[in-house]
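# A look at the structure
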Amino acid sequence: MKRMMTVLLAAGLSASLVGVSATTAEAADPVKIRKFGSYSVTKGHKTTIKAKVDARGYVRVGTPVMDVWNRKGKRIVVKKPRARLGAGTYKVRTTVKYRTYTVRNNYAQRVVARKGSAVNATCTVTSVSPVVGTIVGPVDDALTEIPVLGDLLGVVTGLVGNVLQGVINVHDYTATCKVAGSNGFRVTGTIAGSGSVDRSVVSYPGSENRDVTDPGVVNYGPEQLKGRSFVADGLTLAADAKQTYVRSRTTTYSPLKKKTRTQTVKIRRR
């Protein structure tokens, strides 16, 4: 059977497309021929019956057709999608052809920010280490070399206004960051804070740092930062930030399949 490849939305057989996996669709019988309903006509008139199917999953369905035999066994309709019939009893065989298919995404990557550039990234803390060091406060810009950014703009080497006091714990952390729709990339740095105060600050590669205090949380120490997000202004990229995208989709069709169903259709006279 000739192998057919096309984009998901390419034209072909009249189709019913529903997004479930091809494996599931085939296992659940993707095409079902409907049962005919009840029909009635007045004397001397006819009604129209039409073959109908239900399709689900990755399947493209052709137009169903019918063969119809009257009570005497004579075939009066040959491979038609609909038929005009008067009162009586008929044998109707419905046939439909279809193909199941699978869709494969073809991925590519593009660079959204170059290595060494300063970007504004959104980062989520994924892990916080045990304490790697301590500093005794109160802390101001003359007593510490921990670079932090509280409500200030720019780089400072301290905490103006004694933001952190008491025993200040320093932790290492890792975070997953994204910039401009990029894939996630790993960033490491330090968190300075104390369980006895309401502030924590993070440092990261770059020219600025961020106060990540949540004013609604008391004792907002480094341990509370795991799973939380912050904005890293001016983060310096250690490698190109890349975005993975779907460059194209390839659709592979199965060999042509056929399903039939034979039913008795009664059309009564009113």
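Residues numbered from 1 in each chain as written. Predicted model: local features only at pLDDT ≥ 70, side-chain atom pairs only at ≥ 80, totals over all residues. Heavy atoms only, no water.

## Some points on the overall build of the protein
The number of helices and strands found in the protein is one helix and 19 strands. Looking at the protein residue by residue over its 270 residues, the buried ones come to 37%. By sequence separation, contacts in the protein at least 24 residues apart represent 72% of the contacts at least 6 residues apart. Accessible area for the protein stands at about 15500 Å²; split by element, carbon and sulfur atoms hold 50% of it. (Helix = DSSP H or I, 4+ residues; strand = E, 2+ residues; numbered from the N terminus. Buried < 20%, exposed > 50% of the residue type's maximum accessible area, 1.4 Å probe, protein only. Contact = heavy atoms within 4.5 Å. Areas by Shrake-Rupley, 256 points an atom, 1.4 Å probe, with all protein chains shown as cover.)

## What about the packing of aromatic side chains?
Taken as a whole, this structure holds four aromatic pairs when the rule is applied. One aromatic cluster in this structure is built from Tyr58, Tyr101 and Tyr253. Sitting above the plane of the Trp69 ring, Lys91 keeps its charged end 4.7 Å from the centroid. (Phe/Tyr/Trp six-rings, centres within 6.5 Å; stacked < 30°, edge-to-face > 60°. Lys NZ or Arg CZ within 6 Å of the ring centre and 35° of its normal.)

## Quick word on the environment of Ala118
Mapped onto the secondary structure, Ala118 falls in strand β12 (residues 118–136). Residue classification places Ala118 among the exposed residues on the basis of a relative accessible area of 58%. Sequence separation of Ala118 and Leu235 is 117 residues, and the distance between their C-alpha atoms is 5.2 Å.

## Describing the side chain of Ser182
The topology assignment puts Ser182 in the loop between β13 (167–178) and β14 (185–193). In contact with Ser182, not counting residues within four places along its chain, are Val112, Ala241, Lys242 and Gln243.

## Structural notes on the nonpolar core
Note on soluble globular proteins: their nonpolar side chains tend to be buried together. Judged by nonpolar contacts, the single largest core of 20 residues is most densely connected at Cys123, Tyr173, Cys177, Phe185, Tyr204, Phe230 and Leu235. Elements represented by at least two residues in this core include exactly β12, β13, β14 and β17 (229–236). When neighbours within four sequence positions are excluded, Cys123 is seen to be in contact with Ala175, Thr176, Cys177, Arg228, Ser229, Phe230, Ala232 and Leu235. Membership of the second largest hydrophobic core comes to 14 residues, among which are Phe36, Val41, Ala51 and Val77. (Core = buried A, V, L, I, M, F, W, Y, C linked by side-chain atoms within 4.5 Å.)

## Some thoughts on the confidence of the model for the protein
Chain-level pLDDT for the protein is 77 on average; 69% of the residues reach the 70-or-more range. When pLDDT is averaged over each element of the protein, strand β8 (residues 65–69) comes out on top at 97 and strand β1 (residues 5–6) at the bottom at 31. Low confidence marks residues 1–26, where pLDDT is under 50. Its contacts with residues over four positions away, or in another chain, come to 61 contacts. Here residues 139–163 scores under 50 on pLDDT; set against residues more than four positions off or in separate chains, the count is 46 contacts. (pLDDT = per-residue confidence, 0-100.)

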